[in-house]
Amino acid sequence: TQLLEQSPQFLSIQEGENLTVYCNSSSVFSSLQWYRQEPGEGPVLLVTVVTGGEVKKLKRLTFQFGDARKDSSLHITAAQPGDTGLYLCAGVGANSKLTFGKGITLSVRP
Amino acid sequence: GAVVSQHPSWVICKSGTSVKIECRSLDFQATTMFWYRQFPKQSLMLMATSNEGSKATYEQGVEKDKFLINHASLTLSTLTVTSAHPEDSSFYICSVKGQREKLFFGSGTQLSVL
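Since the model is a prediction, treat every value here as computed from it, not as a measurement. (Residues numbered from 1 in each chain as written. Chains lettered and ligands numbered in written order. Predicted model: local features only at pLDDT ≥ 70, side-chain atom pairs only at ≥ 80, totals over all residues. Heavy atoms only, no water.)

## Things to note about the side chain of A:Ser73
For the record, the criterion: Only DSSP runs of H or I reaching four residues or more are called helices, and only runs of E reaching two or more are called strands; each is numbered from the N terminus. Residues count as neighbours in contact if any of their non-hydrogen atoms are within 4.5 Å of one another.
By secondary structure assignment, the location of A:Ser73 is in strand S8 (residues 71–76). The residues touching A:Ser73, leaving out its near neighbours within four places in the chain, are A:Thr20, A:Val21, A:Tyr22, A:Trp34, A:Thr62, A:Phe63 and A:Gln64.

Structure, rendered in structure tokens:
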């Protein structure tokens, strides 16, 4: 069974702070995705990382895929209250089946 | 991308009744859709893969007779929770496999069984 561990589970920070959260896998996926989900909504895809060592930027969000393609990190610069939400990483397997981590609940206080 | 509409957004039902949830792909013909379940403060768990014109593929531990999936057209998949019980209360989300293997999610259905 492929497992994805996300850490920390919960994070509460002040507006303007930087943060880094992690997604670690017990095995290799063909690619890894990060989603953001708000309460009562479906997850929204932020990024897909495919190549080991890959770094992708989305405004203040920086995503990195580990060289061995088993771990990933998300760094947010100068967090804003609008960044509050549940951040999920998901490993993409055969036939586009996703295996999700448990998510990281981020709260950014104004 | 694909626009995915899920209906209803929330439903409350009595124990023992059946509930149907619809997932529509509004601008893309989807041969494959996925159904997930999410308990409070938990991650999404894949329940089944819905294949247009054929039987759904269920994940281990998911009762196919309880969670009936019908994918009769390229734009519509339905999930029917039969004889619902309080332990079936959860957030159900569908996703559509669009172009270039990208997945697009519906907004989810919150089911509460009394």
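## Observations regarding the sheet that holds strand S8 (residues 76–81) of chain B
All names here are of chain B. As a reminder, the rule being used: When DSSP finds two or more bridges between a pair of strands, those strands are recorded as paired. To define axes, lines are fitted to C-alpha atoms, for helices over the stretch in contact only, and angles between the resulting N-to-C directions are given on a 0 to 180 degree scale.
Judged by pairing direction, the sheet is antiparallel, and its 4 strands sit side by side in the order S1-S3-S8-S7 without closing on themselves. At either end of the open sheet lies a strand with only one pairing partner, and these are strand S1 (4–7) and strand S7 (67–73). Across the sheet, the mean angle separating the axes of adjacent strands is 15° when strand polarity is ignored. Both strand S3 (residues 19–25) and S8 contribute to a ladder of 6 bridges, which runs antiparallel. Its bridge partner lying in S8, Lys20 is registered against Thr80.

## Regarding the state of the cysteines
Residue and element names in this part refer to chain A. We count it as follows: Two cysteine sulfur atoms form a disulfide, by the criterion used here, when they sit within 2.5 Å.
As enumerated under the stated definition, the model contains 2 disulfides over all chains in all. Here Cys23 pairs with Cys89 through a disulfide, and the sulfurs are 2.0 Å apart. Handedness of the Cys23-Cys89 disulfide follows from its S-S torsion of about 70°: it is right-handed. Placement of the pair is Cys23 in strand S3 (residues 19–25) and Cys89 in strand S9 (residues 85–92), with a sequence separation of 66 residues.

## What about a nonpolar patch on the surface?
Residues and elements named next belong to chain B. Stated formally: Within this analysis, patches are made of residues with over 30% relative accessible area and no salt bridge. Like charges are joined at 9 Å or less; nonpolar side chains (Val, Leu, Ile, Met, Phe, Trp, Tyr) at 5 Å or less. Computed by Shrake-Rupley with a 1.4 Å probe, the accessible areas treat only the displayed protein chains as cover when residues are assessed. In the sections that follow, a salt bridge refers to a side-chain nitrogen of Lys or Arg positioned within 4 Å of a carboxyl oxygen of Asp or Glu. Each residue is placed in one exposure class: buried if its accessible area under a 1.4 Å probe, protein chains only, is under 20% of its type's maximum, exposed if it is over 50%, and partly exposed if it falls in between.
Together, Trp10, Ile12 and Leu114 make up a nonpolar patch on the protein surface, roughly 400 Å² of accessible area in all. Along the polypeptide, Leu114 turns up in the segment after strand S11 (109–113). Owing to a relative accessible area of 65%, Leu114 belongs among the exposed residues under this scheme.

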